[in-house]
Amino acid sequence: MSLLALSDITIRYGRLTAVRDVSFAMNEGEILFITGPNGAGKSSLLRAIAGVTPVAGGRIDLAGHEITGQAPENIARLGFSMVPEGRDVFGSLTTEENLLVGAGMHARDRGWRSRAADELEAVYATFPMLKERRHGQAGLLSGGQQQMLVIGRALMTNPRLIAIDEPSLGLAPNINDQVYERLIALRAQRQLTLLIVEQSSARAMMVGGRMILMRGGQIVLDGDARTLGSGEAIQAAYFGYEDH
Amino acid sequence: MLQILFDALSLGSLYALGALGIALIFGVMRLVNFAHGDVIAFCVFALLWPSTDAMAIVFAGQLPWYLLVPFVLFCGAGLSVLCEIVVFRRFRNANPATMMIASFALGFVIRYFLLMLFSSRPKSINLLPELSQPVEIFGARLPLLQLITIIATMLILIGLTVFLRRTRFGLEMRAAAENFSMARMLGVRANRVIMGAFALSGALAGAIALIFVAQTGTADIQMGAAIMLMAFIATVIGGLGSLAGAVLAGFLLGAASVVMQVMLPIDARPFRDAFVYGAVILVLLFRPQGLISARGTKERV
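Turning to the overall build of chain A, a few remarks are in order. When you go through chain A residue by residue, the secondary structure sums to 10 helices and 10 strands. Expected size for 244 residues packed as a compact globule is a radius of gyration near 18 Å; at 18 Å, chain A falls within 12% of this value. Considered along the principal axes of its C-alpha atoms, chain A spans approximately 60 × 40 × 35 Å. Considering chain A as a whole, with its 244 residues, one finds that 43% of them fall into the buried category. Of all intrachain contacts in chain A linking residues separated by at least 6 positions in sequence, the fraction that spans at least 24 positions is 66%.

Now the structure itself:
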């Protein structure tokens, strides 16, 4: 059975339909890129899975439970962790406090501290930089550091599936490479399932895995990132040449 | 001189605690809770037995102080949480203006409930009379009550700071105040955090009620409105949603009121509040975002 399954998802903002009848499924351990131009509905889709944007139609299943219309905190408890666009660090909290927000979820109040300490060590092992800045205000970290922080924070909830919305946004290419290196390493280490939204398909072709291309709120292509990315098909789909 | 300082501090304490109660709730749900003042009034009347006589029949108020204080704090917290469950929960996704109007309406409901039971006449009530004895400190004669007010406020502020910084619940509340939906995506339970904020805010209302009634010796169903106005102004000056700003601005307002009471020429003293509000306008002209601007209230792109 698939870890995440969307069937006929439609999302509307007022009269505007952002996503129309989108269906796809992901298996445990898979890496899936959703790419496409601005306004294709990629972010809306992620936010709908996370439970912060309501769906107008369709059904979402996660780890054997229907989660359509569920509260975000309950969806997080099923093993879904979201890294939203623009990173959304808690700027006035320290780096460590940011991480700890994600730690409380599975532990009962009593055992919280010790359990959180274990999780913290694991995240610090992956991102040593975060340990150096643990007592610094998170809002003062650089963009790349903040990106590492929010990935670390997502790990603190001990998720099965991490969804990341545009991790490259506003980062220098070499920093972006570092972020992806860590992600790939983490995936192998923790048997994570990754759902990554990117505007450009270049990264998906580099990393490999499966790629879905969206445009105008619908899926236009779905397949292996490396084979899809090579041809003219993707260009046509991306820019919508068939419309002209 | 010392007398002025203590006056300023004790009046400021009242405003600071009030502002904190408003800022706590604004922080987690962007609601300016105008019913807060009426929760304060409710706590005062919780001490009395319902009657329409001019003389208050002190009921719960006769408890010894170590039972009285928890009782009043509990009344405030209880009513406040009840307001959340019955009213504000339904407005969770409404826009801030709608929520604000709902809070006005709720305030009136509480006020007229009190009016029904107690009539609108202010009642005199002598609570903890032993506190009005003066004490002598550094050559100044101060009412013991003033001293206790200041110490209690300091203890509350320290306690609240420790709570917000050191406990898991405090951490979740600070995270939720900054970015509520992100906190929820990390598993922070929305209902728990919001009810916690209301409970804290209600308990603060209870503390204010105790201090106020002990200071003035009257119980009046309108009394919440006056404190609420000052407390609301303090939260705005402090930067809406910023707890530290609310406290700071509360003390500043208290100081400004007391200092103007002393410094203004005798003829101008009746207009003291006009001068205080004038100062408020000046502050807002130069720092429209408040003294300490809260993160997370900024427009997101």
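This next bit is on the overall build of chain B. Helix and strand content of chain B: 11 helices and 4 strands. By the compact-globule yardstick of 19 Å for 301 residues, chain B fits well, its C-alpha radius of gyration being 19 Å. By its C-alpha atoms, chain B is 55 × 45 × 35 Å across when sized along the principal axes. For chain B, the proportion of its 301 residues judged to be buried stands at 47%. By sequence separation, contacts in chain B at least 24 residues apart represent 76% of the contacts at least 6 residues apart.

Residues and elements named next belong to chain A. Counting buried residues in strand β7 (residues 161-165) gives 5 out of 5 residues, a clear majority hidden from the surface. Residues Leu161, Ala163 and Asp165 of β7 are buried on one face, and the alternating residues Ile162 and Ile164, pointing to the opposite face, are buried as well. For strand β6 (residues 80-83) and β7, the ladder comprises 4 bridges, and the chain directions are parallel. Across the sheet, the residue bridging to Ser81 is Ile162, located in β7. Note: β7 against strand β8 (residues 193-198), 5 bridges, orientation parallel. Among the inter-strand pairings, Ile162 is bridged to a residue of β8, identified as Leu194. As for the winding sense of the linkage, the β-α-β connection from β7 through helix α7 (residues 173-190) to β8 is right-handed.

Looking now at the environment of Leu106 of chain B. Looking at the secondary structure, you find Leu106 of chain B in helix α4 (residues 96-118). For the pair Leu106 of chain B and Leu282 of chain B, spaced 176 residues apart in sequence, the C-alpha separation works out to 32 Å.

This next bit is on unusual backbone geometry. At Glu166 of chain A, a residue that is not glycine, the phi angle is positive and equals roughly 45 degrees. Here Glu166 of chain A shows up in the loop between β7 and α7. Non-glycine residue Arg30 of chain B carries a positive phi angle of around 55 degrees. If you trace the backbone, Arg30 of chain B turns up in the loop between α1 (2-29) and α2 (36-45). By the C-beta count within 10 Å, which is 17 here, Arg30 of chain B ends up partly exposed.

Bringing the sheet that holds strand β5 (residues 65-66) of chain A into the picture now. Neighbouring strands of a sheet are bound in pairs by backbone hydrogen bonds; such pairs are parallel or else antiparallel. Residues and elements named next belong to chain A. Sheet architecture is open: 4 strands sit in the order β2-β1-β4-β5, paired in antiparallel fashion. The open sheet has two free edges, formed respectively by β2 (16-26) and β5, since each of these has just one partner strand. Pairing analysis gives 7 bridges linking strand β1 (residues 4-13) to β2, with the strands arranged antiparallel. Residue Arg12 lies in a different strand from β2, and its bridge partner there is Thr17.

Moving on to the environment of Asp8 of chain A. All names here are of chain A. Mapped onto the elements, Asp8 comes out in strand β1. Taking the C-beta count within 10 Å as the criterion, Asp8 has 12 such neighbours and is therefore assigned exposed. Linking Asp8 and Gly57, residues 49 residues apart in sequence, is a C-alpha distance of 7.0 Å. Among residues more than four places away in sequence, those in contact with Asp8 are Asp21, Ser23, Gly57 and Gly58.

Residues and elements named next belong to chain A. Spatially, the 6 strands line up as an open sheet ordered β6-β7-β8-β3-β9-β10, and their pairing is mixed. The open sheet is flanked by β6 and β10 (218-224), the only strands paired with a single partner. Between one strand axis and the next, the sheet turns by 15 degrees as a mean value, whatever way the strands run.

Here we take up α1 of chain B. Residue and element names in this part refer to chain B. In this model, α1 (28 residues) spans 40 Å end to end at C-alpha, consistent with the 40 Å of a helix rising 1.5 Å per residue. Most of α1 is tucked away, with 22 of its 28 residues classed as buried. Just past α1, the residue Arg30 takes up positive phi, approximately 55 degrees.

Here we take up the confidence of the model for chain B. Residues and elements named next belong to chain B. When the pLDDT values of chain B are averaged, the result is 85; 93% of them are 70 or greater. Every residue in residues 296-301 is under pLDDT 50, and counting partners more than four places away or in other chains gives 5 contacts. If you check the scores for this complex, the pTM reads 0.86 and the ipTM reads 0.89.

The subject of this paragraph is the nonpolar core. Counting residues in each nonpolar core, the largest one holds 158 residues, and the members touching the most others are Ala19 and Ile208 of chain B. Beyond its immediate stretch of four places on either side in the chain, Ile208 of chain B contacts Leu14, Leu17, Gly18, Ile40 and Ile227 of chain B.

Attention shifts here to the interface of chain A and chain B. Counting residues at the interface gives 25 residues for chain A and 18 residues for chain B. When contributions to the side of chain A that touches chain B are tallied by element, the ones reaching two or more residues are α2 (72-77) and α3 (95-101) of chain A. Class assignment for the residues of the side of chain A that touches chain B results in 13 nonpolar, 6 polar and 6 charged.

A few words on the packing of α2 of chain B against helix α9 (residues 223-238) of chain B. Each pair of packed helices can be described by the angle between their axes along with the distance between the axes. Residues and elements named next belong to chain B. Packing of α2 against α9 brings their axes to within 7 Å, and their N-to-C directions diverge by 140 degrees. As summarised for this structure, α2 and α9 are arranged oblique, according to the angle between their axes. Note on packing geometry: the crossing formed by α2 with α9 is right-handed. Seen from α2, the contacting residues are His36, Gly37, Asp38, Ile40, Ala41 and Val44; seen from α9, they are Met223, Gly224, Ala225, Ile227 and Met228. Broken down by class, the residue content of the contact of α2 with α9 amounts to 7 nonpolar, 3 polar and 1 charged.

Looking now at the packing of helix α10 (residues 243-263) of chain B against helix α11 (residues 272-286) of chain B. Residues and elements named next belong to chain B. α11 packs onto α10 with a crossing angle of 135 degrees between their chain directions and a minimal axis gap of 10 Å. If you check the angle between α10 and α11, you find them oblique. Two packed elements cross with a definite hand, and for α10 against α11 that hand is right-handed. Contacts between α10 and α11 involve Leu253, Ala256, Ser257, Met260 and Gln261 from the first element and Arg272, Phe275, Val276 and Ala279 from the second.

Conventions used here
- Residues numbered from 1 in each chain as written.
- Chains lettered and ligands numbered in written order.
- Predicted model: local features only at pLDDT ≥ 70, side-chain atom pairs only at ≥ 80, totals over all residues.
- Helix = DSSP H or I, 4+ residues; strand = E, 2+ residues; numbered from the N terminus.
- Rg over C-alpha atoms; globule rule 2.2 N^0.38 Å.
- Buried ≥ 20, exposed ≤ 12 C-beta atoms within 10 Å, placed from the backbone.
- Contact = placed C-beta atoms within 7 Å.
- Pairing = 2+ DSSP bridges.
- Right-handed = clockwise from strand over helix to strand, strands pointing away.
- Axes fitted to C-alpha atoms, helices over the stretch in contact; angles between N-to-C directions.
- Expected span 1.5 Å × (residues − 1).
- pLDDT = per-residue confidence, 0-100.
- Core = buried A, V, L, I, M, F, W, Y, C linked by C-beta atoms within 7 Å.
- Nonpolar A, V, L, I, M, F, W, Y, C, P; charged D, E, K, R; others polar.
- Parallel < 35°, antiparallel > 145°, perpendicular 65-115°, else oblique.
- Left-handed = near helix turned anticlockwise from the far one by under 90°.

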